[in-house]
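Below, each chain spelled out in residue letters.
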Amino acid sequence: MRVHFIVHEHFEAPGAFETWAMMRGHEVTFSRVYAGQKLPEDARDIDLLVVMGGPQDPSVTPDECAHFDSRAEQALIASAVRLDKVVIGVCLGAQLIGEALGARFAHSPEKEIGKFPIFMTAESERNPLFSHFGNKLDVGHWHNDMPGLTPEAEIIAYSEGCPRQIVAYSKLVYGFQCHMELTRSVVEMLIAHSEGDLSRAADYRFVQSPEALRTHDYSEMNSALFTFLDKLESRYRCTRT
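My aim in this report is to walk through the structure given alongside it, one point at a time. All figures in this text were calculated on a predicted structure; none of them were measured in a lab.

What counts, and at which threshold
- Residues numbered from 1 in each chain as written.
- Predicted model: local features only at pLDDT ≥ 70, side-chain atom pairs only at ≥ 80, totals over all residues.
- Heavy atoms only, no water.
- Helix = DSSP H or I, 4+ residues; strand = E, 2+ residues; numbered from the N terminus.
- Buried < 20%, exposed > 50% of the residue type's maximum accessible area, 1.4 Å probe, protein only.
- Contact = heavy atoms within 4.5 Å.
- Pairing = 2+ DSSP bridges.
- Right-handed = clockwise from strand over helix to strand, strands pointing away.

1. Considerations on the environment of F17
By the element assignment, F17 lies in helix α1 (residues 16-23). Note on F17: relative accessible area 3%, which makes it buried. For the pair formed by F17 and L229, sequence separation is 212 residues and the distance between their alpha carbons is 8.6 Å. In this view, F17 contacts F5, V50, M52, I88, V90, E181, L225 and L229; residues no more than four positions away in its chain are not counted.

Below is the structure:
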């Protein structure tokens with residue numbers, strides 16, 4: 001399987017997504033746009049496109065952030081969707097999927113930084129990719145916004161602070177506002193970048209201190225992500241036979 005990552009900032013690393021891809025022996029390529037690496041022209045040579053997060057939002061223009069081209073990324077996402085490839089967006093990536101499909105992103109009711117539970121919806125019960133999540137699962141969060149919803153989209157999970165944590169746009173296209181890919185090393189990079197936000201943690205209901213972030217065990221949610229990805233890969237392979 002050919003897995004391509006779009007990485008917007010070094011501190012928004014693929015984490016457990018990359019670990020899964022390497023463990024499964026997949027071919028892994030990157031567009032580290034913060035380092036000037038170009039996007040693929042289209043998605044023909046990609047099986048799984050993973051669009052990572054970042055401090056930008058889909059309305060940010062190249063004039064505001066020279067290395068981030070929202071329209072170009074949306075065009076690549078749309079190409080992957082048309083070709084029936086697998087597309088996963090994380091945080092900003094989830095919002096870009098919605099935008100590519102005609103659904104505007106929105107501000108989340110609450111800023112969330114830390115590890116908090118997501119709750120599964122009735123739609124999740126009909127989607128076997130999430131059968132191992134249970135009724136709720138503690139996962140990572142680091143966001144202010146949330147993805148838009150197309151008429152066909154199904155909300156798979158929500159949190160107390162955000163009504164759109166996992167969105168199924170189709171059988172092969174998923175947006176994760178939450179961060180199930182976080183590892184201790186990725187969290188350290190995010191902490192280093194987010195000193196301003198974290199210094200005011202007490203001002204928010206769902207923002208945890210650096211000390212709290214460092215105490216969490218992220219392995220359970222990583223394991224749940226691996227199982228989801230295995231199931232999604234199997235579904236994709238069935239569409240190719």
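Here the narrative resumes, following the displayed structure.
2. Quick word on the pairing of strand β1 (residues 2-7)
The buried fraction of β1 is high, at five of six residues. Taken together, the six bridges between β1 and strand β2 (residues 27-32) define a ladder with parallel strand orientation. By the bridge assignment for β2, I6 is matched with S31. Following the backbone out of β1, through α1 and into the adjacent parallel β2, one traces a crossover that is right-handed. Relative to strand β3 (residues 48-51), β1 is paired through four bridges, and the arrangement is parallel. Paired with V3 across the bridge in β3 is L48.

Geometric descriptors of this kind do not, in isolation, establish any biological role.
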